[in-house]
Structure formats: structure tokens, C-alpha cells
Amino acid sequence: MKRRVLGIMIVALLAMAMLPSCQGDDENVEKQERLIGLYLEKYELPYTVEQGVYKSLVHRVANADELPAAQLGDSLVFRFAGYVFNGAPTYLFYTNNRYLIEGDTILNTEYWSFEPKRIKLGDGSIIKGLEIPLLNSKAGDSLLVFLTSELGFVVPENSAMMYVLNVDEVIK
């Protein structure tokens, strides 16, 4: 009985010790959201927020009304560039656009594919924070997408991420 009580007390103490770090994470995410909003407002970019993902449709082709919109189960072919975001894109951490890294001697791209990415929406092959803004996109769309660290993955400095997505093809 004493062992069980001791175990419960240890678990309770550990939980209380973790509360401040969870609070810090919430504050960090709020800061990231504030910086994303300020950036979008500064550059007067129209945007939507869906499930915590900030999306700005930067370009849509003239004949977009005639093109199919991507839905769950559809395949998509797209190019991307991912940046660490601290109020502005600070540095590139991954891309499949070779021209963006020409002359860069810092990034180890030995295992990177520079082919357009092909995915099936809804199959879990990309993080949800990127799948959400690709829904309803059309061939020719260029999107700016912003994710807090809780929606993507943790990049250096526990920063937000900014992705530039260029949709090449939607396959029904």
C-alpha cells in the first residue's frame, strides 16, 4: 500500500513539474501565431486559417474555374520549399527545387529528391499541416503556408515554418 501511494505521489510530482514546460509551449505557439499574422498583414496577403494552418493563395491560373479541385483520395504533384520562420523566412531547411540551393554549401542534399513530390491526399504521406492547405487546390496554384511547431515538427529554435507550395497537377 505504501508503495502504491509513493508511486502516485511521484507521478503527481512529475505532472506538476511538467506544467510550466507545457505553458511555455503554449506561449511559444501564441508567439508564432502572432508573428505569422503580422507578416501576412505587413505584406497585405489575403489568407485563411483552417485547423491552425495559415494559407495564402498567392497565384491561381486564369482558367482555374475549368480545373478540378483536389479532394481527399486525389493525387497531387507539387514542388515545395520549407523555411524556418521567425517573423520572416530565415533559412531554407528542405526543398525539391534544385535552383533554390545552387551554390549553397551548408545543406547536405545527398539524399534529397529534386523531383516534384507526388502524394495521395489522405494517405498520411505528408504532415497534416501541409495536407490541409492542399485540399481544394488546383493545378497552377502557388500557396504560402504557415505552420506553428505544434502542427508540423520542431525545427531549430522551436520556430514556426513557412512553405511555398506550387501545385503542378491534380489527378482525380
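Residues numbered from 1 in each chain as written. Predicted model: local features only at pLDDT ≥ 70, side-chain atom pairs only at ≥ 80, totals over all residues. Heavy atoms only, no water.

**Quick look at the environment of Asp-65**
So the rule is basically this: Starting at the N terminus, helices and strands are each numbered in turn, a helix being any DSSP run of H or I of at least four residues and a strand any DSSP run of E of at least two.
Looking at the element boundaries, Asp-65 is found in the loop between β2 (53–59) and β3 (75–85). With 73 residues separating them along the chain, Asp-65 and Lys-138 place their C-alpha atoms 9.2 Å apart.

**A word on the nonpolar core**
Across soluble globular proteins, you tend to see nonpolar side chains buried next to one another. Heads up, the condition is: Throughout, nonpolar core names a set of buried Ala, Val, Leu, Ile, Met, Phe, Trp, Tyr and Cys residues whose side chains join them through atoms within 4.5 Å. Burial status follows relative accessibility: with a 1.4 Å probe on protein chains alone, a residue under 20% of its type maximum counts as buried, one over 50% as exposed, and anything between as partly exposed. Contacts were defined at the residue level, with two residues in contact if any of their heavy atoms lie within 4.5 Å.
Residues Leu-76, Leu-134, Val-145, Tyr-163 and Leu-165 are the most contacted members of the largest nonpolar core, which totals 22 residues. Contributions of two or more residues to this core are made by β3, α2 (128–134), β6 (142–147) and β7 (160–171). Here the element with the most residues in this core is β7; it accounts for five residues. When near neighbours in sequence (up to four residues on either side) are disregarded, Leu-134 contacts Ala-70, Leu-76, Phe-78, Ile-119, Leu-121, Ile-126, Leu-143, Leu-165 and Val-167. The next biggest cluster of nonpolar side chains, apart from the first, holds 15 residues, and it includes Leu-40, Tyr-54, Trp-112 and Ala-160.

**Digging into unusual backbone geometry**
Among all residues save glycine, negative phi is the norm, and among peptide bonds the norm is trans. Positive phi values are uncommon outside glycine, yet Glu-44 reaches one of about 50 degrees. Secondary-structure assignment places Glu-44 in the loop between α1 (2–42) and β1 (48–50). A residue is classified by how much of its surface remains accessible, and Glu-44, at 70% relative accessible area, is exposed. Positive phi, normally seen in glycine, also occurs at Asn-136, with a value near 75 degrees. Mapped onto the secondary structure, Asn-136 falls in the loop between α2 and β6. Of the residues examined, Asn-136 reaches a relative accessible area of 44% and is grouped as partly exposed.

**A short note on the pattern of salt bridges**
Rules: Take a side-chain nitrogen of Lys or Arg and a carboxyl oxygen of Asp or Glu: if they are within 4 Å of each other, that pair is a salt bridge.
Taken as a whole, this structure holds three salt bridges when the rule is applied. For Asp-141, the salt bridge identified is with Arg-60, shortest N-O distance 2.7 Å. Of the two residues, Asp-141 is situated in the loop between α2 and β6 and Arg-60 in the loop between β2 and β3; the sequence distance between them amounts to 81 residues. Residue Asp-141 is classed as buried on the basis of its relative accessible area, which comes to 1%. Residues Lys-172 and Asp-74 are paired through a salt bridge, measuring 2.8 Å at the closest nitrogen-oxygen approach. On the criterion of sequence distance, the pair formed by Lys-172 in the segment after β7 and Asp-74 in the loop between β2 and β3 is long-range, its members being 98 residues apart.

**A word on the packing of aromatic side chains**
For any two aromatic rings, the description comes down to two numbers: the centre-to-centre distance and the angle of the planes. Worth spelling out the cut-off: The pairing test for Phe, Tyr and Trp rings, Trp by its six-membered ring, is centres within 6.5 Å, and the orientation test on the planes gives stacked under 30 degrees, edge-to-face over 60, and tilted for anything in between.
By the definition in use, this model includes 10 aromatic pairs. Aromatic rings pair up to connect Phe-78, Phe-80, Tyr-94, Trp-112 and Phe-114 into one cluster.

**Structural notes on the pairing of β3**
The cut-off we apply is this: Here a strand pair is declared whenever DSSP counts at least two bridges between the two strands.
For β3, the tally of buried residues reaches 10 of 11 residues, placing the bulk of the element in the interior. Pairing of β3 with strand β5 (residues 117–120), which is carried by four bridges, proceeds in the antiparallel orientation. Bridge pairing links Val-77 to Arg-118 in β5. When β3 meets β7, the two strands line up antiparallel, connected through 11 bridges. Bridged to Ala-81 within β7 is Val-164. In this structure, β3 lies alongside strand β4 (residues 89–95), joined through five bridges in antiparallel fashion. Bridging across to β4, Phe-85 finds its partner in Pro-89.

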